[in-house]
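Each chain, letter by letter, is given below.
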Amino acid sequence: MTAPRQNLLNMLCNLGDLSRLAINSQNIEDFLQGVVSLISDHLNIPVCSIYLYDDSTDEFVLRATVVSPPDTVMADASDTGAEKDLRIPDSPYFSEAADSFGGSSLTVPINRGVDKIGKLVVQHTVPDFFDSAVFMALNAISAQLAAALESARVVMGLQQLCENPETLPVSPVTISGDPTSGGYAMGLSAVWGKSHVRFITDPELPEHGTLTDFHQAIQKTTEQLDALQKRCAERLPENASLIFSAHFMILKDPEFVDRMAEKIRSGTPATRAVQNVAQHYIHRFNNSPSSYIREKVNDIEDLSGRLLGNLMPPDHDVGDMDSHGRVVIAHTLYPSELLKLGAESVAGIVLVDGCVTSHAAIIARSLKIPMVMAKRPDLINLEEGTVILVDGDSGNIHVAPPASLVDDFKARARSRQSCGEGPVFGSGTSTVTLDGTDITLYANINLLTELPLAEKVGADGIGLYRTEFPFLMRPSFPSETEQYLIYRQVSASMTGKPVIFRTLDIGGEKTVTYANTEAEANPELGLRSIRFTLKHRDIFEQQIRAILRAAADNEMLGIMFPLISSIDDFRRAKQVVQSCLDRLQREKLKYHHRPFVGMMIELPAVVETMPEYAAECDFFSIGTNDFVQYMLAVDRSNKQVADYYRHEHPSVLRALSRIVRIAADHDKPICICGEMAHDKAMIPFLLGIGLRRLSIDPQFIPAVRDTITRLTLDDCQTYAQDLLTTGSIVSVQAVFQQYATLFR
Ligand code: PEP
Ligand code: MG
């Protein structure tokens, strides 16, 4: 005996009943009860129940059940939800021969996307009552119910709400994450964006302050910003004092300050006056069609928050105005935000989203800020001011660490210091394999402060200077002269050695809001990098001129274009260099007359046409960070797909081998400058396929040199051969294992 077909049809056709129920029900319980009665009536099923899923306990909770007629009750309905009762050969949802009670039961999950919402359970005294037609009908209902029940769970408190998070209890705990930037840092926690900015929206803000207090607060704010700027100039000389210039301008804006003063004069307490005017501007800017103006909201918030903090009554706890000495916890950080944190001398960073190959990670290393990435969004709810110890070497985050652990770390830091800050091994300047092959180790440079380290570790030159960093720090495009002054320092740091300037690589996650580009759905596939500069030729030309002038005395100047996808783009970019050379000659300025012009290989599209490029460019550099991203279609900064981002993927390995072979066939110098080049398991592979130049963060140079001096080319070639004949990631990893002892 099975459910009558006509009833099933009615059921499917009358899903409208459900919406009527939703409208007419008094409350959620009423609605759920109505749903189970509706199903029971239509399908003539004696028992029907709805369970909702409780996130916090990972259990299904019975919320509504109907049992009719009473004599058909087979078991306590609340027991029927147990998955173990629901086994049937054809489908995991059918109960085999109705189990213990001799009837039958069927469970249909209610999901919304991949999230569990609840389940629908029906039971009958007759064995084999439910067939696939009933199953399909109930599935159709469960799909309709999912959205409504999701709200029911929220109302019933069964779903954890992110909007109103509980503060995480502070108890000693160690959380493991990905080590992203080495070193350790201990400090009080601060959630990014939650500090003084909170005053602007605080409805309970103390009503306090006279006009004199207001003027004193302005003075104090100016002094704080001035101190911040000085620290910034020390840590980020290429930025000089520009990060906070917008703040100064606003402080000097008569409209902004006078509006506040006017309100205070007419009797409004100073705190309230500042809050009102700040809110007014924030609202106005937020509604601007220009993304650049909208971005200015951050400056207004930061500045007004500071002003309010300085206006608070003396007994009011204001907390820190900036991230100095703090361990900042954030979801993600844009490169520009990270640079600002660096200027504020943040102690350490915990990112609860993002990936180790993202630009944020690269900058943290350049700024020497210990950083760990951990997929723990709940850390955002940690009480502000909790002691956190970030171990950027192991990836551990110690929340409220016990005294013994703190002592351990302090001892470690002391011993590091006594060994000197510099490299403790392999600090010679030549890099030669065991069997006598010279390997060139260039430095990747992002910030001027890294130049002394590059020199100290004996870098053979600069293989990649990422010119976009000064652009990311500023509120507008740096002029040719500003660029010239920065590039001159880069070029001068490596007398007699090659220095390769990579032209502006903005776009993607490296956004500069002042560029005022349109929002893009897929920025990594959009107006990024060379595409941006080719479109904005004036900006491109200014940069090329600045490079040519700044490195006039450098014999081995290289200019390298990023994200080249066709020979046509390469030719266009090279043409820009030529026209800059011609103009500089006409202007009779001092400039470099014959730079080497090369390109990055970051897109798989280049591989097929390499001979064409080889005929026209002076050198190649493989940017594996992007090459892997584009070859495997994996966003390099998306934590959700981080497991797919694998530079050891067999397709990547084979493509690299091919690239290096073609470059050798055409006698073109080739280097690798992606993060892969300092991975210990990859170094012998890279040498094995014929690479002889690696460009890496200067801090990794001693370790990479040390690794290389223990290798023989024979071993590297055999290793590379084994990896290249391997077709899966798992077997690549098996080869790593097999060679682990040899390359230890
Ligand atoms: C790369 O893509 O490998 C590279 C070195 O460039 P960036 O990391 O700056 O994108
Ligand atoms: Mg790149």
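Residues numbered from 1 in each chain as written. Chains lettered and ligands numbered in written order. Predicted model: local features only at pLDDT ≥ 70, side-chain atom pairs only at ≥ 80, totals over all residues. Heavy atoms only, no water.

1. A look at the coordination of the magnesium ion (ligand 2)
Taken together, the protein ligands of the magnesium ion (ligand 2) are E602 (OE) and D626 (OD), with distances of 2.0 Å. Of the two residues, E602 is situated in the loop between β17 (596-601) and α19 (605-608) and D626 in helix α21 (residues 624-632); the sequence distance between them amounts to 24 residues. Across this residue pair, the class does not change: E602 and D626 are buried. (Donors = N, O, S within 2.8 Å, 3.2 Å for Na, K, Ca; no water. Helix = DSSP H or I, 4+ residues; strand = E, 2+ residues; numbered from the N terminus. Buried < 20%, exposed > 50% of the residue type's maximum accessible area, 1.4 Å probe, protein only.)

2. Re helix α5 (residues 211-235)
Its 25 residues place the ends of α5 36 Å apart at the C-alpha level, agreeing with the 36 Å of an ideal helix rising 1.5 Å per residue. Taken together, the buried positions of α5 are occupied by F214, A217, I218, T221, L225, L228, Q229 and C232. (Expected span 1.5 Å × (residues − 1).)

3. Overview of the confidence of the model for the protein chain
In the predicted model, the protein chain carries a mean pLDDT of 83, and 83% of its residues have values of at least 70. Here residues 160-166 is a poorly scored stretch, pLDDT under 50, and it has five contacts once near neighbours within four places are set aside; other chains count. (pLDDT = per-residue confidence, 0-100. Contact = heavy atoms within 4.5 Å.)

4. Structural notes on the packing of aromatic side chains
Overall, the coordinates contain 15 aromatic pairs when judged by the stated rule. For the pair F256 and Y281, a centre-to-centre distance of 5.4 Å together with 65° between the ring planes defines the contact as edge-to-face. Here F256, found in helix α7 (residues 254-265), pairs with Y281, found in helix α8 (residues 270-286); they are 25 residues apart in sequence, far enough to count as distant. Of the two residues, F256 and Y281, both sit in the buried class. Residues F561 and F570 carry aromatic rings whose centres are separated by 5.8 Å and whose planes lie at 65° to one another, so their mutual orientation is edge-to-face. F570 matches F561 in its accessibility class, with the two residues each being buried. Through successive ring pairs, a cluster of aromatic residues spans Y719, F736, Y739 and F743. Positioned above the aromatic ring of Y51, the side-chain terminus of K119 is 5.4 Å from the ring centre. The ring of Y484 has R549 lying over it, and the distance from NZ or CZ to the ring centre is 4.5 Å. (Phe/Tyr/Trp six-rings, centres within 6.5 Å; stacked < 30°, edge-to-face > 60°. Lys NZ or Arg CZ within 6 Å of the ring centre and 35° of its normal.)

5. Brief notes about the site of ligand 1
Surveying the vicinity of ligand 1 reveals 17 residues, the closest of which are R466, R502, G623, N625 and R636. The separation between an oxygen atom of ligand 1 and a polar side-chain atom of E602 is 3.0 Å. Contact with the protein chains removes 100% of the 290 Å² of surface that ligand 1 exposes when unbound. Counting only elements with at least two residues in the shell around ligand 1, the list comes to α11 (359-367), β14 (462-466) and α21. Considered class by class, the residues forming the shell around ligand 1 number four nonpolar, five polar and eight charged. (Near = heavy atom within 4 Å. Polar contact = N/O pair within 3.5 Å; in protein donor to acceptor, adjacent residues only side chain to side chain. Areas by Shrake-Rupley, 256 points an atom, 1.4 Å probe, with all protein chains shown as cover. Nonpolar A, V, L, I, M, F, W, Y, C, P; charged D, E, K, R; others polar.)

6. Section: the pairing of strand β18 (residues 619-622)
Burial of the side chains of β18 extends over both faces: F619 and S621 are buried on one face and F620 and I622 on the other. Of the strand pairs in this sheet, β17 and β18 are connected by four bridges, and their pairing is parallel. Residue pairing across strands places M600 opposite S621, the latter belonging to β18. Judged from the three bridges that link them, β18 and strand β19 (residues 670-672) form a sheet pairing that is parallel. Paired with I622 across the strands is I672, a residue of β19. (Pairing = 2+ DSSP bridges.)

7. Remarks on unusual backbone geometry
Excluding glycine, residues mostly carry a negative phi; peptide bonds, for their part, are mostly trans. Of note, the phi angle at D128 is positive, near 55°, even though the residue is not glycine. One non-glycine residue, L563, adopts positive backbone phi at about 55°.

8. Topic: empty space enclosed by the protein
Evaluated as defined, the whole model comprises two cavities of 30 Å³ or more. Approximately 80 Å³ is the volume attributed to the largest cavity. Around the largest cavity, the lining comprises 15 residues; the ones closest to its centre are R466, R502, M600, E602 and N625. Among the secondary structure elements, those contributing two or more residues to the lining of the largest cavity are β14 and α21. Of the residues that constitute the lining of the largest cavity, the class distribution is three nonpolar, four polar and eight charged. Here the second largest cavity defines a volume of roughly 40 Å³. (1 Å grid on protein atoms, 1.4 Å probe; cavity = no way out; pocket = protein on both sides within 12 Å on 5 of 7 lines; lining within 4 Å. Points joined across faces, edges and corners; volume = space filled by probe spheres on them.)

9. A short note on the side chain of S529
Here S529 lies in the loop between β15 (499-502) and α16 (530-535). With near-sequence residues (within four places) excluded, S529 lies in contact with L504, D505, I506, P562 and L563.

10. Some thoughts on the environment of S430
As for its position among the elements, S430 is in the loop between α12 (403-418) and β13 (440-445). Between the C-alpha atoms of S430 and R705, which are 275 residues apart in sequence, the distance is 8.2 Å.

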